[in-house]
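Chains, contacts and geometry: an overview
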Amino acid sequence: MLQSGVPIHDEPISHDKLLQAAVSASQEAGALLLQYARAGFRIEYKNPINLVTDADRAAEQCVIERIRAHFPTHRFLAEERGRVEKAMSPYLWIIDPLDGTTNFAHGYPAYCVSIGLEYEGRCVLGAIFDPTRNELFTAIEHRGAQLNGRPIHVSTTMTLDSSLLVTGFAYDIRETPRNNLDHFSNFALKAQGLRRTGSAALDLCYAAAGRFDGFWEVRLNPWDMAAGSVIVREAGGQLTDFSGNDLSIYGQELVASNGRIHEAMLAVLNEETP
Ligand code: IPD
Ligand code: CA
Ligand code: CA
C-alpha cells in the first residue's frame, strides 16, 4: 500500500501507450454515457442551474478505474471527486467525465468525455470523445492533433468580421458581475457569428478542427481545458489568458484561436465597458 506523499519515481512511459489508455477509457466512458442517455439517469442539483447526474459519476469511475489499471501510481484530478493522490507521481490525469452535463440532461447531443495528462506540470496529451457523433479528438505534444486518426488544423480566417466564435457561461452567472455578458455583446457586434454549445472541451476541439475560429470563456476549470488545450496547440492554434499571457489551465480565463484573429479577440476582451 502506498503512503500519501511518498515520492514515486515513475519511469517515463511512451506517449503512445499513455494516449492509448486515455482513448480506450474515453470511449468506454462515452459508451456508458449513451447507455444512461437511453435508459435514464438521476439528476442532483449543485445549485439551481448546476446539475450532476449519476451518469457523470459512473463515467468518472470508469475512466479512473481503467487508467489506474494500467498506471496504478498515477495521480488524478477529476471533476466530481477532486484530487486523488496516492503518491507524488509526476503524472496527473485531469478528467471531465461528462463535459456538457446540461446538454446531456436535456437530451441535446453535444457532450463528451475529456481526459488530459500532465507530466511534471505540463499538459502533454489529451483525448476527447464525443459519443453522439463518434468523434475522437486526440493530440500528443509535438506530434499534431487528430480527429478519428486524421490530422486537423485550425482555420485560416483572418478577421473577426469573418469569424465564427464560441463562448460559454459559468454556473455562477447569476451571482457574479464577471458573467461574460459584456464580452458576449461586444463580440456579437463584431464577429460573423457567435455560438454557445455548452461543452467547453468540444469548443476547444472544434477550434482545433477549424470549425470555430476562436473561443473565449471566463471561470473555466482545469478539467474543462486540460485535454482541449493540447489539442488546440497541436492543431496550430494559440492559447492565452485575456492579457495575452500563455494559458494556465489553473487560471480560469481562456482565449483559444487560430492565431490570426488572436490579437483582435484580446482587444475586444480588454475593451472598456461603460
Ligand atoms: C461546463 C461546460 C460549459 C461551460 C461551463 C462548464 P460541465 O462544464 O463546459 O460549456 O460553459 O463553464 O462548467 O459542467 O458541463 O462539465
Ligand atoms: Ca466541464
Ligand atoms: Ca463535467
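Residues numbered from 1 in each chain as written. Chains lettered and ligands numbered in written order. Predicted model: local features only at pLDDT ≥ 70, side-chain atom pairs only at ≥ 80, totals over all residues. Heavy atoms only, no water.

Turning next to the sheet that holds strand β4 (residues 82–84). Sheet architecture is open: eight strands sit in the order β4-β3-β5-β6-β7-β8-β9-β10, paired in mixed fashion. Across the chains shown, the open sheet's two edge strands, defined by having one partner strand only, are β4 and β10 (150–152). Across the sheet, the mean angle separating the axes of adjacent strands is 20 degrees when strand polarity is ignored. Against the sheet, helix α1 (residues 15–39) engages β5 (91–99), β6 (112–119), β7 (122–130) and β8 (135–140), with an angle of about 30 degrees to β7. (Pairing = 2+ DSSP bridges. Helix = DSSP H or I, 4+ residues; strand = E, 2+ residues; numbered from the N terminus. Axes fitted to C-alpha atoms, helices over the stretch in contact; angles between N-to-C directions. Contact = heavy atoms within 4.5 Å.)

Here we come to the nonpolar core. Ranked by internal contacts, the top residues of the largest apolar core, which has 36 residues, are Ile128, Phe137, Phe215, Ile231 and Leu254. Of all the secondary-structure elements, those providing two or more residues to this core are β5, β7, β8, β9 (145–147), α5 (200–208), α6 (222–234) and β15 (254–257). Each of domain 1 (15–151) and domain 2 (160–269) contributes no fewer than three residues to this core. Dropping the residues within four chain positions of it, phenylalanine 137 is found in contact with Gly126, Ala127, Ile128, Gln146, Leu147, Ile152, Leu202, Cys205, Tyr206, Ala209, Arg211 and Ile231. Ranked by size, the runner-up nonpolar core spans 33 residues in total, among them Ala29, Ile67, Trp93 and Val124. (Core = buried A, V, L, I, M, F, W, Y, C linked by side-chain atoms within 4.5 Å. Buried < 20%, exposed > 50% of the residue type's maximum accessible area, 1.4 Å probe, protein only. Domains from an automatic or database assignment.)

The next thing to look at is the coordination of the calcium ion (ligand 3). Protein coordination of the calcium ion (ligand 3) is provided by Glu79 (OE), Asp96 (OD) and Leu98 (O), with donor distances spanning 2.2 to 2.4 Å. Donor residues binding the calcium ion (ligand 3) come from one chain and are separated in sequence as E-x16-D-x1-L. The distance between the calcium ion (ligand 3) and the calcium ion (ligand 2) comes to 3.8 Å, with aspartate 96 serving as a donor to both metals. Of this pair, glutamate 79 sits in the loop between β3 (75–78) and β4 while aspartate 96 is found in strand β5, placing the two residues 17 residues apart along the sequence. Note on glutamate 79: relative accessible area 21%, which makes it partly exposed. By relative accessible area, aspartate 96 is classed as buried at 1%. (Donors = N, O, S within 2.8 Å, 3.2 Å for Na, K, Ca; no water.)

A word on the layout of surface pockets. In this structure, the largest pocket occupies an estimated 630 Å³ of space. Forming the boundary of the largest pocket are 31 residues, of which Phe169, Ala170, Tyr171, Glu217 and Asp224 lie nearest the centre. Those elements giving two or more residues to the lining of the largest pocket turn out to be β2 (50–53), β5, α3 (101–106), α5 and α6. Classifying every residue of the lining of the largest pocket gives nine nonpolar, 10 polar and 12 charged. Of the domains in this structure, domain 1 (15–151) and domain 2 (160–269) are the two that each give at least three residues to the lining of the largest pocket. Of the voids in this model, the second largest pocket is the one considered here, and its volume is about 270 Å³. Forming the boundary of the second largest pocket are 14 residues, of which Arg122, Ser229, Arg233, Leu247 and Ser248 lie nearest the centre. (1 Å grid on protein atoms, 1.4 Å probe; cavity = no way out; pocket = protein on both sides within 12 Å on 5 of 7 lines; lining within 4 Å. Points joined across faces, edges and corners; volume = space filled by probe spheres on them. Nonpolar A, V, L, I, M, F, W, Y, C, P; charged D, E, K, R; others polar.)

A separate point is the coordination of the calcium ion (ligand 2). For the calcium ion (ligand 2), the full set of protein donor atoms is Asp96 (OD), Asp99 (OD) and Asp224 (OD), and the range of their distances to it is 2.1 to 2.2 Å. Donor residues binding the calcium ion (ligand 2) come from one chain and are separated in sequence as D-x2-D-x124-D.

Across a sheet, strands are paired by hydrogen bonds formed along the backbone, either parallel or antiparallel in direction. Strand order in the open sheet formed by five strands is β12-β11-β13-β15-β14, with mixed pairing between adjacent strands. Across the chains shown, the open sheet's two edge strands, defined by having one partner strand only, are β12 (193–195) and β14 (238–240). On average, each strand axis in the sheet is tilted by 15 degrees relative to the strand beside it, whichever way the strands run. When strand β13 (residues 214–217) meets β15, the two strands line up antiparallel, connected through four bridges. Of the residues in β15, the one forming a bridge with glycine 214 is serine 257. Against the sheet, α6 touches β14 and β15, its axis set at about 140 degrees to β14.

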